[in-house]
Amino acid sequence: MDEATRLREIERLGVLDTPPEPVFDAIVAAARAATGMPIGLVSIVAEQRQWFKSSIGLGDVSETPRSISFCTYAIEQDALLEIPDARQDPRFAHNPLVTAGPRVRHYAGIPLATAHGARIGTLCLLDTLPGVLSPSQRELMVHLGRVTTQVLEQRSALLRQIDQAQALHRDLKRSEDFLERTNTAAKVGGWELELATREVRWTRETKQIHGVRSSYQPTFESALSFYRPDSRSIIQAAVQRCTEQGTPWEVQLPMTTADGRSIWTRVVGTRQQVEGLPRLVGAIQDITEERAVVDALEASEVRYRRLFHYSLGLICTHTLDGTVTSVNPAAVQSLGYPESEMVGRSLCDLMPPEKREAFKAYLRRIEANHTDAGVIELLAADGTRRYWAYNNVLDTETHPPFVLGHAQDVTALRLQEERLRELSLKDPLTQCHNRRYLHRLDDVASRSWACLVFDLDHFKQVNDTLGHRRGDTVLVEFADFLRAPLRANEAAVRLGGDEFLVALIEPAAGRLAALEAWYAGNAARAPTAFSMGAAVNVPGEPVADTIHKADSRLYRTRARVRREMRPPGSAD
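The structure reproduced in this document is the subject of the present report. (Residues numbered from 1 in each chain as written. Predicted model: local features only at pLDDT ≥ 70, side-chain atom pairs only at ≥ 80, totals over all residues. Heavy atoms only, no water.)

**Details of the overall build of the protein**
At step 1: Check the secondary structure of the protein and you find 19 helices and 20 strands.
At step 2: Over its C-alpha trace the protein gives a radius of gyration of 44 Å, far above what one expects of a compact globule, namely 25 Å for 572 residues.
At step 3: By its C-alpha atoms, the protein is 155 × 55 × 35 Å across when sized along the principal axes.
At step 4: When each of the 572 residues of the protein is scored for burial, the buried share is 45%.
At step 5: Residue pairs in contact within the protein that sit at least 24 positions apart in sequence constitute 55% of those at least 6 positions apart.
At step 6: Of the side-chain charges in the protein, 69 are positive and 74 negative, and the distance between the mean point of each set is 4 Å. (Helix = DSSP H or I, 4+ residues; strand = E, 2+ residues; numbered from the N terminus. Rg over C-alpha atoms; globule rule 2.2 N^0.38 Å. Buried < 20%, exposed > 50% of the residue type's maximum accessible area, 1.4 Å probe, protein only. Contact = heavy atoms within 4.5 Å. Lys, Arg positive; Asp, Glu negative; His and termini not counted. Charge placed at Lys NZ, Arg CZ, Asp CG, Glu CD.)

**Details of the nonpolar core**
At step 1: If you look at the biggest cluster of nonpolar residues, it comprises 35 residues, and the most contacted ones within it are Ile27, Ile120, Leu123, Met141 and Leu144.
At step 2: At the level of secondary structure, the elements contributing two or more residues to this core comprise helix H1 (3-13), helix H2 (22-35), strand S1 (39-45), strand S2 (49-56), strand S5 (106-113), strand S6 (119-127) and helix H5 (135-160).
At step 3: Of the residues forming this core, the biggest block, nine residues, is contributed by H2.
At step 4: Other than its neighbours up to four places away in sequence, Leu123 contacts Ile27, Val28, Leu41, Val42, Ala108, Gly109, Ile110, Leu112, Met141, Leu144, Gly145 and Thr148. (Core = buried A, V, L, I, M, F, W, Y, C linked by side-chain atoms within 4.5 Å.)

**Details of helix H17 (residues 468-483)**
At step 1: Between its first and last C-alpha, H17 extends 23 Å over 16 residues, near the 22 Å set by a 1.5 Å rise per residue.
At step 2: Three or more residues of H17 are buried, namely Gly471, Val474, Leu475, Phe478, Ala479, Phe481 and Leu482. Buried residues along H17 cover an arc of 155° about the axis, so they all sit on one side.
At step 3: In this structure, the buried side of H17 is in contact with strand S17 (449-456), helix H16 (459-466), strand S18 (490-496), strand S19 (499-505), helix H18 (511-521) and strand S20 (530-536). (Expected span 1.5 Å × (residues − 1). Arc of directions from axis to C-beta.)

**Quick notes on the environment of Leu475**
At step 1: Topologically, Leu475 is positioned in helix H17.
At step 2: Residue classification places Leu475 among the buried residues on the basis of a relative accessible area of 2%.
At step 3: In this structure the C-alpha to C-alpha distance between Leu475 and Thr197, which are 278 residues apart in sequence, comes to 112 Å.
At step 4: Sequence-distant contacts of Leu475, that is, excluding residues within four places in its chain, are made with Leu429, Thr430, Leu456, Phe459, Arg494, Gly497, Asp498 and Phe500.

**Section: the sheet that holds S6**
In sheet architecture, strand pairing relies on hydrogen bonds along the backbone and comes in two forms, parallel and antiparallel.
At step 1: Here six strands make up an open sheet; going across it, the order is S3-S2-S1-S6-S5-S4 and the pairing antiparallel. A strand with exactly one partner marks an edge of an open sheet, and here the two such strands are strand S3 (63-65) and strand S4 (81-83). With direction set aside, neighbouring strand axes in the sheet form an average angle of 25°.
At step 2: When S1 meets S2, the two strands line up antiparallel, connected through six bridges. If you follow Val42 over to S2, its bridge partner there is Ser54.
At step 3: Contacting S1 and S6, H1 runs over the sheet at an angle of about 80° to S6. (Pairing = 2+ DSSP bridges. Axes fitted to C-alpha atoms, helices over the stretch in contact; angles between N-to-C directions.)

**A few points about the environment of Pro254**
At step 1: On the secondary structure map, Pro254 appears in strand S9 (residues 249-256).
At step 2: Taking relative accessible area as the criterion, Pro254 reaches 15% and is therefore assigned buried.
At step 3: Spatially, the C-alpha atoms of Pro254 and Ile287 are 9.6 Å apart, while their sequence positions differ by 33 residues.
At step 4: Once residues within four sequence positions are removed from consideration, Pro254 is found in contact with Tyr227, Arg228, Ser231, Ile263 and Trp264.

**Let's talk about the side chain of Thr270**
At step 1: Counting through the fold element by element, Thr270 comes out in strand S10 (residues 262-274).
At step 2: We classify Thr270 as buried; its relative accessible area is 8%.

**Notes on the pattern of salt bridges**
At step 1: This structure, assessed with the given rule, holds 34 salt bridges.
At step 2: Between Arg138 and Glu82 there is a salt bridge, with the nearest N and O atoms lying 2.6 Å from each other. Of this pair, Arg138 sits in helix H5 while Glu82 sits in strand S4, placing them 56 residues apart in sequence.
At step 3: Between Arg447 and Glu506 there is a salt bridge, and its shortest N-O distance comes to 3.3 Å. Of this pair, Arg447 sits in the loop between helix H15 (438-443) and S17 while Glu506 sits in the loop between S19 and H18, placing them 59 residues apart in sequence.
At step 4: Taken together, the shared-partner salt bridges connect Glu192, Glu194, Glu199, Arg201 and Arg279 into one network. (Salt bridge = Lys/Arg side-chain N within 4 Å of Asp/Glu carboxyl O.)

**Let's talk about the sheet that holds S17**
At step 1: Read across the sheet, four strands follow the order S18-S19-S17-S20 without closing on themselves; strand pairing throughout is antiparallel. One side of each edge strand has no neighbouring strand; the edge strands of this open sheet are S18 and S20. The average angle at which neighbouring strand axes cross in this sheet is 20°, direction not considered.
At step 2: As judged from the seven bridges shared by S17 and S20, these two strands associate in the antiparallel manner. If you follow Val453 over to S20, its bridge partner there is Gly533.
At step 3: Along the sheet, H18 contacts S17, S18, S19 and S20; its crossing angle with S20, the most-contacted strand, is approximately 180°.

Structure below.
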């Protein structure tokens, strides 16, 4: 429908710039009570302005320019328009109603469509805090929007037929009954307090909430009697401020019904002028179920914090850039830093420099997959390394999202594994590498390597004459002798018994000859005499063949030396 037709519909209804009317205030009060949002309006979007037929919670403001109106956007669609946080919505982020004034954050507005399909305004709610309506609250807003439209149409008809006062009463009664049914579905009741006479009126739903018969006629004092003395003083103070200053109020209090049920209620109230007389009008809602959910969440939060504090597991939360936001005592104890030195600091700062790129990759994985598991390496306050086996998840329901990390300190296990791995590769007596080291030489077949093999001369005689303990000492001392001149990429290996090998990976030119000369020149420092032979691996040659070449040279050298040492004339 075009704008001109829409404006004619507003004129047809005859609602613009008319005095407040209780039925619209009651609808707004019911919507506020059902959602907990502090500001409620029935707005009419005119050509240059939006004007409020009913306004609760916005003070004396009766209209705003249309150019800054949220409702202008709401009437462009049939469904309810909800803006959880106006600061995050580019349409409203710089709106003066958001940046100043009431500082609107949460908005929910249901368009009011006339009988001819023109959307003339909205029933809307505003809050200074971000939020989202529940499905039941959205459904209630739809129902209340229909009620508001019906009331507007009925009011228009009644204005045109002012002489039919009785028909006006019936139509309004039907609307009030519909509102009552809607309030019953939402467990929302209405109430009024005549300030001059202190007379109290309750709707049917209000009486049901209090557990009294439909014929029950409350007084102000009897209405207060359902609450504990401390709660009564809260209501009395709120009523007094509202009466004297016009301050709207909302409280959540426990009460005991006439039939003995303990429930929680949300009560809202505001001051209105009805037929020239001041009165307080408002709504009451049974929020027992909602309160139970809140209490359960609070209990869950308490349990979580106890688990967080007392868990032996390491619990740490951090942002997607790695900044620590919380750590539990177990995590603090594992690393040895005060909590104040960990929170607000990047985990990268607690890692060895060579591990930081891997941590950045972890952050990318968890942002993409929302979960990740593995082992992370950290530096403790004393400089030692700690290993955490983690299983982390990304919580995307918070803004901004954060990573909830749970880990176990597996440092002792990691060190034990390394020790076992070392023992599997080392000779337990001499601490030289054992024969498994030869597999490494297979792995470097594409690179140059060389070796020296050693055999202790007459070692069996040492064991036979001096005993195996002395023999073990000789082996240990000989291993130390072999290791003395070695550099990086050079290793001593015990092949078995009294046989040893020194391996050189990618040795520099002349290094093999220099090392051979060192051992020969320092033979007197060795705990026993020995023979040695050297060989250079030929590309593609098996490791065993290279060692065999070195062995052959050892035996040739040993035979030559023994011939030279044989007395003249002795037999071969």
